[in-house]
Amino acid sequence: MSTINLGIIGGGQLGSMLAIAAKKLNIKTIIYCDDIDAPAQNFCNEFIFAEYNDKKKISDFISKVNLITYEFENIPFETLNEMNKFKPVLPKPSINRLIQHRLAEKDFVNKLNIRTTRYVSIENKKDLATLQDFLPGILKISTMGYDGKGQYPIKKMDDLDTLDIDFSKEYILEKLVKLKKEISVIVTRFGNNNYEIYEPIENTHENQMLKYSKIPADISQKILDQSKEWATRISEELKYIGTLCVEFFIDRNENLYVNEIAPRVHNSGHLTINAYNISQFENHIRAICSLEKIQLKKLSNAIMINLIGNQINPYRQNLKLKDNEFFFDYQKKEVKEKRKMGHITTLI
Ligand code: ADP
Ligand code: MG
């Protein structure tokens, strides 16, 4: 079989880990990214630096690859759709368009009779005046948000006066859930009712950013079953190909809610690299490249800690790892506050 050339849009840590997994499968990777310092260029076969609407660079990229995937969802639909006319883009551009918009995403989940938080669309500041019922809540930008960016916690209406919010953009207002726990479920779907699913991962956030992930999640059997069933059903309904992650909330009354869907590999799944026979990254590549599906086997329990900003420094300087510890440095050029710089997974 001739070598597969896989195009990946986005060059952050998820792109890097996809490229590493592809290499293991003898697949060549061409990464397209709008960041000249994208860390994934250290791990791929070829790197194209260009804006996501650069027609010439896009056609250059298309000519070099057999198929295309992406590591993040905030890519213009037009770009993915254009690429898909020439080479398969997986997951399908229409799926990405649905999920990259918080309102469309939540409407879709509700139509499946799967619970989400209560939410309402906000098109201008006036819309907020009558929405006392949704407070305390979080105002979230409808597109392009990640790691808590574009989110404003609102306790009372007066808070709006002190916040500098750009109302030329669309938002949703979400009622705050009294969280007991957050979990995520990662599924890799290969085709109709043909998938591998990882056990639920328990996630702890700090300042709306993921800090810790661990397996097993400390949850009831009922929540475990329901979260896996919902994640599988979502992937089936979308006719999804590849790895997908569903983030869930569990409230203090043991109700499960879908928070959001990521049409891609996910930060909480970093621990699958060390804790399973096949990582979420390798499974994603196996599914989109129509390679053999291998039965998933858990090798160990694990905890993953995200190293944010200068938390990476001590690990870079004084690396004394135990046999059960695995440190990943994303090799980002600049250490920045609130930037994910690396992680450490410990098998337990
Ligand atoms: P992002 O796209 O930035 O990941 P999320 O909607 O997942 O945005 O929000 C990030 C985190 O903020 C969540 O994982 C959770 O900890 C907290 N959060 C968001 N929405 C709510 C909510 N409605 N109730 C309680 N906590 C929330
Ligand atoms: Mg999230």
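The preceding data block contains the structure.
Residues numbered from 1 in each chain as written. Chains lettered and ligands numbered in written order. Predicted model: local features only at pLDDT ≥ 70, side-chain atom pairs only at ≥ 80, totals over all residues. Heavy atoms only, no water.

1. Digging into the packing of aromatic side chains
By convention here, two paired aromatic rings are described through the distance between centres and the angle between planes.
Phase 1: Counted according to the given criterion, the structure contains seven aromatic pairs.
Phase 2: Ring centres 5.7 Å apart and planes at 50° place the aromatic pair Y52 and F72 in the tilted group. On the criterion of sequence distance, the pair formed by Y52 in the loop between β3 (46-49) and α2 (55-64) and F72 in the loop between β4 (67-70) and α3 (77-84) is long-range, its members being 20 residues apart.
Phase 3: Note on Y52: relative accessible area 10%, which makes it buried.
Phase 4: Measuring from centroid to centroid gives 4.8 Å for Y198 and Y276, while their planes differ by 80°, and the two rings are edge-to-face. Here Y276 lies in the loop between α8 (272-275) and α9 (280-288) and Y198 lies in the loop between β10 (194-197) and β11 (201-206), a separation of 78 residues in the sequence.
Phase 5: Among the residues examined, Y276 registers a relative accessible area of 7% and is labelled buried.
Phase 6: Joined through ring pairs, the aromatic side chains of Y32, Y52, F61 and F72 make up one cluster.
Phase 7: Taking NZ or CZ as reference, R97 lies 3.9 Å from the ring centre of F77, over its face. (Phe/Tyr/Trp six-rings, centres within 6.5 Å; stacked < 30°, edge-to-face > 60°. Helix = DSSP H or I, 4+ residues; strand = E, 2+ residues; numbered from the N terminus. Buried < 20%, exposed > 50% of the residue type's maximum accessible area, 1.4 Å probe, protein only. Lys NZ or Arg CZ within 6 Å of the ring centre and 35° of its normal.)

2. Things to note about the coordination of the magnesium ion (ligand 2)
Phase 1: Of the protein atoms, only E247 (OE) and E260 (OE) coordinate the magnesium ion (ligand 2), at distances of 2.0 to 2.3 Å. On the criterion of sequence distance, the pair formed by E247 in strand β13 (residues 242-251) and E260 in strand β14 (residues 256-262) is long-range, its members being 13 residues apart.
Phase 2: Look at E260 and you get partly exposed, because its relative accessible area is 21%. (Donors = N, O, S within 2.8 Å, 3.2 Å for Na, K, Ca; no water.)

3. Digging into the side chain of S213
Phase 1: Among the secondary structure elements, S213 is positioned in strand β12 (residues 209-215).
Phase 2: For S213, a relative accessible area of 0% translates into the label buried.
Phase 3: In terms of polar contacts, S213 uses its side chain to reach the side chain of N203, at 2.8 Å.
Phase 4: Once residues lying within four places of it in the same chain are set aside, the contact partners of S213 are I201, E202, N203, S268, L271, A302, I303 and M304. (Polar contact = N/O pair within 3.5 Å; in protein donor to acceptor, adjacent residues only side chain to side chain. Contact = heavy atoms within 4.5 Å.)

4. Side note on the site of ligand 1
Phase 1: With respect to spatial proximity, 20 residues lie near ligand 1, and among them K140, G148, Q151, E182 and N259 are the closest.
Phase 2: Between ligand 1 and H205, the relevant distance is 3.2 Å, taken from an oxygen atom to a side-chain nitrogen or oxygen of the residue.
Phase 3: The side chain of E260 places a nitrogen or oxygen atom 2.8 Å from an oxygen atom of ligand 1.
Phase 4: With the chains in place, 92% of the 550 Å² that ligand 1 exposes on its own is no longer accessible. (Near = heavy atom within 4 Å. Areas by Shrake-Rupley, 256 points an atom, 1.4 Å probe, with all protein chains shown as cover.)

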